[in-house]
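# Structural overview for review
If you want the building blocks of each chain, they are given just below.
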Amino acid sequence: MNNINDLRYREVLIECLYQMADDKLLLGHRDSEWLGCCPDIEGDVAFSSIAQDEVGHATFYYQLLHQLGEDDPDRLAFGRDASKWRNCMLVERENDDWTYSITRHLFFDQFDQIRLQAMCTSSYEPLQHGVKKMIREEYYHLLHMKTWFKQLGRAGGVATQKLQQAIEKLWPDVNGMFSFAGIEEDLLRFELIQLTPTEMRVKWEAEMKALFQQANMSWPGEFPQLKHDGRKGEHSAALKTLLLTMGEVYQSEPSAKW
Amino acid sequence: MGMVHRVLVNDHDVTVQLMPTFVGCPALELIKKQTMDRLQQIDKKNRIHVEFVFDPPWTSDRITPDGHQKLKQFGIAPPQKSLQQLPSCPYCNQEDGEILNLFGPTACRAIYYCRGCKQPFEGMKVV
Amino acid sequence: MTEEKQYASFMERIRAGEKIEATDWMPIEYRKLLIKLIHMHAVSEIMGAYPEKEWVPRAPSLRRKLAIMAKVQDEMGHGQLLLRVVEDLSAPLGRTREELVSDIYHGKVKFHNVFHMEARTWADAGVIGWLVDGAAIINQASLLETSYGPYARVLKRICAEESFHMQHGENIILALAMGTDAQRQSLQTALDYWWESLLFFFGPQEVTPAAKQMMHYQIRLKTNEELRQKFLDKYVPRIQSLGLTIPDLSLRYDDSQKKWRYQAPDWHKFSQIVTQNKGPKSEERMLLRKKAHEDQQWVREAMRNHNISISSAL
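Here's a quick rundown of the structure. These numbers come from a predicted model, not from an experiment. (Residues numbered from 1 in each chain as written. Chains lettered and ligands numbered in written order. Predicted model: local features only at pLDDT ≥ 70, side-chain atom pairs only at ≥ 80, totals over all residues. Heavy atoms only, no water.)

### So, the state of the cysteines
All names here are of chain B. In total, this model carries 0 disulfides over all chains according to the counting rule given. Here Cys-108 stays free of any disulfide, with the sulfur of Cys-25 as its closest cysteine sulfur at 6.4 Å. Among the residues examined, Cys-108 registers a relative accessible area of 17% and is labelled buried. Among the cysteines around Cys-117, which has no disulfide bond, Cys-89 carries the closest sulfur, lying 3.7 Å off. Residue classification places Cys-117 among the buried residues on the basis of a relative accessible area of 12%. (Disulfide = S-S within 2.5 Å. Buried < 20%, exposed > 50% of the residue type's maximum accessible area, 1.4 Å probe, protein only.)

Structure below.
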């Protein structure tokens with residue numbers, strides 16, 4: 001039931017929206033670092049399109065936050081200290097090579113699809129409506145990422161080697177996506193989401209295992225214990241550097257209009 | 001383009017509800033402004049409001065037959081009924097295309113190539 | 001038909017304003033001129049993404065971030081479309097897509113001077129979005145009448161989208177012009193830096209033999225100077241209306257001659273930038289393209305030697 005006047009409902013909804021917005025903005029930002037540097041022009045076009053979608057979706061969530069009484073979207077995006085960010089650590093890590101960025105985006109997109117589907121009947125209507133729209137757009141991202149993953153996995157040689165390395169580098173961060181930093185029970189209770197984190201992880205594993213098989217890649221096994229939880233505001237130096245860059249012009253004159 | 005959901009008229013206020021094609025489309029603000037300006041020109045009595053709504057979500061099958069024609073005139077293949085179908089070439093109408101990129105110069109378009117007239121063309125994505 | 005007759009009939013079609021298509025016969029000279037022009041255009045779109053890419057991470061609002069990302073995406077998309085057109089033209093001459101790209105960092109294809117320059121501040125990014133795009137639109141609009149059909153059709157798409165992006169550029173500039181003292185100053189500084197490059201953009205005044213040939217074949221229809229004059233017609237009043245000073249005190253409109261008089265830029269410097277790649281950012285950006293292309297060849301090979309394609313994935 002939508003009880004937007006219930007303090008706890010609002011609190012939990014806002015926390016969840018920060019998680020979603022921050023995930024998307026940082027992923028889009030990392031993706032945009034690849035502009036002009038992809039292996040071919042087709043890749044540049046695709047990656048820039050995907051990055052733009054992510055930033056667009058992030059903007060949608062920040063606008064919802066603002067409607068719920070949080071700061072204006074630009075201040076949220078460019079004026080917050082690292083400890084206030086609620087993204088999972090997977091998306092804040094610096095880019096590595098092409099296989100790393102593709103695989104990172106794939107892992108996240110699969111998680112996001114499950115999260116979005118679990119919100120298609122969310123009790124908060126503005127979120128529900130936006131999610132139903134965005135899920136249709138995300139379809140293309142996941143399709144493309146899965147295609148790339150399969151191609152690189154089945155190619156053999158350098159491509160498969162690098163893919164293996166990328167998976168190993170990313171694996172410790174995967175579990176962090178499924179953390180909801182303690183609000184998961186209330187999210188369910190308030191019907192903001194329809195699945196538990198465990199249910200989401202199980203779905204993710206099922207999809208990914210099938211994909212790994214198609215790509216001739218071996219499953220790495222259990223996720224290691226999470227060292228830091230981005231959703232609790234525990235972040236890396238990489239995020240601090242990113243935020244300095246991202247906020248550079250905005251913070252040069254915070255009261256100015258750009 | 002099938003973006004108009006409804007128009008609400010109320011005393012001295014006219015509200016146009018538009019459905020965004022893509023959430024991240026950078027043209028949304030421009031579309032809003034152009035809609036307001038155009039209506040303000042026609043209707044000088046009432047206050048014009050334009051807002052974006054996400055329910056129902058815009059889908060590419062909302063584009064009307066007239067919209068399809070106009071897209072073709074612009075050199076853009078209108079969206080097919082399903083993702084598996086390749087669009088016919090907006091220049092020569094042949095059904096001999098191949099997909100070059102699921103993505104294109106904008107969020108809403110993909111890039112194809114017509115083997116008939118040997119030209120690349122853009123096509124609206126099925127959403 | 002003898003080649004002579006073929007050529008005569010070809011020229012008749014050109015003179016009648018007909019479009020030549022990719023499947024038509026064409027004289028080798030026509031093909032080579034088209035390749036020269038369209039290859040340069042494709043590469044300019046691709047290299048044009050670099051100065052802007054530098055500002056995507058630092059765009060000062062979500063709206064601007066989206067707009068500048070969309071612009072870069074657009075340029076890359078146009079680059080892909082144009083490359084396909086030139087790929088088809090080059091195939092009979094035995095040139096491949098890989099070569100069309102590696103030509104960039106082998107110095108075998110030129111790209112517009114502006115993309116060799118530095119985008120030092122957010123104001124520079126705005127000036128690029130407004131004035132450099134403005135110049136490109138004037139160029140591209142004049143090419144819409146080109147005799148080569150496939151190029152004309154891609155240009156139609158490009159022109160429609162560029163004017164949209166230019167509005168974003170204009171908005172960035174307006175925000176700065178109406179902003180704080182520091183913002184206004186950064187805008188003036190940007191204009192001071194970019195003015196010479198904008199004059200350079202259209203190329204030297206002399207009509208080269210290649211340009212003459214292109215006009216003979218109606219590949220292009222206007223001279224460099226005609227286009228530069230159009231640019232000045234459109235933008236000098238607009239720049240001045242923002243309270244900015246154009247860094248050329250001799251600039252004035254000659255009513256009797258109906259043209260702008262301006263201080264001639266240093267064309268030797270232009271030549272060094274465009275033909276010798278000696279601009280402030282030339283080497284760095286060509287290296288980025290080289291890295292992307294050569295260091296990641298293994299990715300392209302992996303994509304080629306597979307059983308999965310996009311169409312089968314759909």
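That shown, we press on.
### A few points about the sheet that holds strand 3 (residues 47-52) of chain B
Residue and element names in this part refer to chain B. Read from one edge to the other, the open sheet built from 3 strands follows the order 1-2-3, with strand pairing classed as mixed. Taken across any chain shown, the strands that pair with only one partner, and hence form the sheet edges, are strand 1 (4-10) and strand 3. Strand-to-strand, the axes of this sheet are offset by a mean angle of 15°, without reference to chain direction. The strands that helix 1 (residues 28-42) touches are strand 2 (13-18) and strand 3; relative to strand 3, the one it contacts most, it runs at about 155°. (Pairing = 2+ DSSP bridges. Helix = DSSP H or I, 4+ residues; strand = E, 2+ residues; numbered from the N terminus. Axes fitted to C-alpha atoms, helices over the stretch in contact; angles between N-to-C directions. Contact = heavy atoms within 4.5 Å.)

### Considerations on the interface of chain A and chain B
It is common to give the size of an interface as the accessible area that goes away when the parts come together. Listed per partner, the contact involves 21 residues of chain A and 23 residues of chain B. Summed over both sides, the interface of chain A with chain B buries roughly 2,000 Å², with 68% coming from carbon and sulfur. In this assembly, chain A and chain B are joined by 0 salt bridges. If you look at where chain A meets chain B, you find 6 residue pairs in polar contact (both at pLDDT 80 or more). Counting residues per element, the ones that place at least two in the side of chain A that touches chain B are helix 2 (41-67) and helix 5 (125-155) of chain A. (Buried area = accessible area lost by both parts, 1.4 Å probe. Salt bridge = Lys/Arg side-chain N within 4 Å of Asp/Glu carboxyl O. Polar contact = N/O pair within 3.5 Å; in protein donor to acceptor, adjacent residues only side chain to side chain.)

### Digging into the pairing of strand 2 of chain B
All names here are of chain B. With 6 of 6 residues buried, strand 2 lies mostly within the body of the structure. Alternating residues of strand 2 divide into Asp-13, Thr-15 and Gln-17 and Val-14, Val-16 and Leu-18, and every residue in both groups is buried. The antiparallel pairing of strand 1 with strand 2 creates a hairpin that spans 2 residues between the two strands, and Asp-11 there sits at a positive phi of about 50°.

### Things to note about the side chain of Gln-140 of chain C
Residue placement: Gln-140 of chain C occurs in helix 6 (residues 122-143). Non-local contacts of Gln-140 of chain C, meaning those with residues more than four positions away in its chain, are made with His-41, Glu-45, Leu-155, Ile-158, Cys-159 and Glu-162 of chain C.

### Looking at the pairing of strand 5 (residues 97-101) of chain B
The side chains of a regular strand alternate, first on one face of the sheet and then on the other. Residues and elements named next belong to chain B. Most of strand 5 is tucked away: 4 of the 5 residues are buried. Relative to strand 6 (residues 109-114), strand 5 is paired through 4 bridges, and the arrangement is antiparallel. Residue Asn-101 lies in a different strand from strand 6, and its bridge partner there is Ile-111.

### Observations regarding empty space enclosed by the protein
Residue and element names in this part refer to chain C. Overall, the coordinates contain 4 cavities of 30 Å³ or more when judged by the stated rule. Looking at the lining of the largest cavity residue by residue, the classes come out as 14 nonpolar, 3 polar and 1 charged. What the second largest cavity holds in volume is close to 90 Å³. Lining the second largest cavity we find Glu-52, Arg-64, Ala-67, Ile-68, Lys-71, Ala-125, Gly-129, His-165, His-168, Gly-169 and Ile-172. Classifying every residue of the lining of the second largest cavity by side-chain character gives 4 nonpolar, 4 polar and 3 charged. (1 Å grid on protein atoms, 1.4 Å probe; cavity = no way out; pocket = protein on both sides within 12 Å on 5 of 7 lines; lining within 4 Å. Points joined across faces, edges and corners; volume = space filled by probe spheres on them. Nonpolar A, V, L, I, M, F, W, Y, C, P; charged D, E, K, R; others polar.)

### Description of the interface of chain A and chain C
The partner chain C presents 44 residues to the 50 residues of chain A that form the contact. Between chain A and chain C lies a buried interface of about 4,200 Å² when both sides are counted; carbon and sulfur atoms form 67% of it. One can count 3 salt bridges joining chain A with chain C. Here Arg-289 of chain C makes a salt bridge to Asp-44 of chain A, at a shortest N to O gap of 3.2 Å.

### Structural notes on unusual backbone geometry
Of the consecutive residues Asp-55 of chain B and Pro-56 of chain B, the connecting peptide bond is found in the cis state with omega at 0°. Relative to the elements of secondary structure, Pro-56 of chain B occurs in the loop between strand 3 and helix 2 (65-73). In this model, Lys-258 of chain C sits at a positive phi of 55°, which is unusual for a non-glycine residue. In this structure, Lys-258 of chain C sits in the loop between strand 1 (252-254) and strand 2 (259-261). Lys-258 of chain C sits in the exposed class, given a relative accessible area of 57%. The backbone of Asn-277 of chain C shows a phi angle near 55°, a positive value even though the residue is not glycine. With respect to the element layout, Asn-277 of chain C can be found in the loop between helix 11 (267-276) and helix 12 (282-295). We classify Asn-277 of chain C as buried; its relative accessible area is 17%.

### Observations regarding the sheet that holds strand 4 (residues 76-77) of chain B
All names here are of chain B. Spatial ordering of the open sheet is given by 4-7-6-5, a layout of 4 strands whose pairing is mixed. Single-partner strands in this sheet number two, and they are strand 4 and strand 5. Relative to strand 7 (residues 119-124), strand 4 runs parallel, the two being bridged by 2 bridges. When the sheet's bridge partners are listed, Ile-76 is paired in strand 7 with Glu-122.

### Things to note about the environment of Gly-123 of chain B
Residues and elements named next belong to chain B. Tracing the backbone through its elements, the reader meets Gly-123 in strand 7. The exposure class assigned to Gly-123 is buried, which follows from its relative accessible area of 1%. Along the chain, Gly-123 and Arg-109 lie 14 residues apart, while their C-alpha atoms are 5.3 Å from each other.

### Side note on the packing of helix 8 (residues 181-201) of chain C against helix 10 (residues 224-241) of chain C
Residue and element names in this part refer to chain C. In the contact formed by helix 8 and helix 10, the axes pass within 12 Å of each other and the chain directions differ by 160°. Between helix 8 and helix 10, the interaxial angle falls into the category roughly antiparallel. The two elements helix 8 and helix 10 meet at a crossing, and its hand is left-handed. Together, Leu-191, Trp-195, Leu-198 and Leu-199 of helix 8 and Arg-228, Phe-231, Leu-232, Val-236 and Ile-239 of helix 10 make up the contact between the two elements. (Parallel < 35°, antiparallel > 145°, perpendicular 65-115°, else oblique. Left-handed = near helix turned anticlockwise from the far one by under 90°.)

### Focus: the pattern of salt bridges
The tally for this structure, following the rule as stated, stands at 48 salt bridges over all chains. Note that Arg-8 of chain A and Asp-186 of chain A form a salt bridge whose closest N and O atoms lie 2.6 Å from each other. With Arg-8 of chain A in helix 1 (residues 7-32) and Asp-186 of chain A in helix 7 (residues 184-189), the pair connects residues that are 178 residues apart, well separated along the chain. Judged by its relative accessible area of 29%, Arg-8 of chain A falls in the partly exposed class. Put simply, Glu-18 of chain C and Arg-13 of chain C hold a salt bridge, and the shortest N to O gap is 2.9 Å. One salt-bridge network, in which partners are shared between bridges, spans Asp-23, Lys-24, Glu-54, Asp-112, Arg-115, Glu-138 and Arg-231 of chain A.

### Some remarks on the packing of helix 5 of chain A against helix 8 (residues 197-214) of chain A
The description of two helices packed together rests on the angle between their axes and the distance between the axes. All names here are of chain A. Closest axis-to-axis distance for the helix 5/helix 8 pair is 8 Å, and the angle between their directions is 40°. Taken together, the axes of helix 5 and helix 8 are oblique relative to one another. On the side of helix 5, the interface is formed by Lys-146, Phe-149, Lys-150 and Arg-154, while helix 8 contributes Glu-207, Met-208, Leu-211, Phe-212 and Gln-214. Counted by class, the contact of helix 5 with helix 8 contains 4 nonpolar, 1 polar and 4 charged residues.

### Some details on the environment of Cys-92 of chain B
All names here are of chain B. With respect to the helices and strands, the residue Cys-92 is situated in the loop between strand 4 and strand 5. Given the relative accessible area of 27%, Cys-92 is considered partly exposed. Distance in space between the C-alpha atoms of Cys-92 and Arg-109 is 19 Å, their sequence separation being 17 residues. Dropping the residues within four chain positions of it, Cys-92 is found in contact with Cys-114 and Cys-117.

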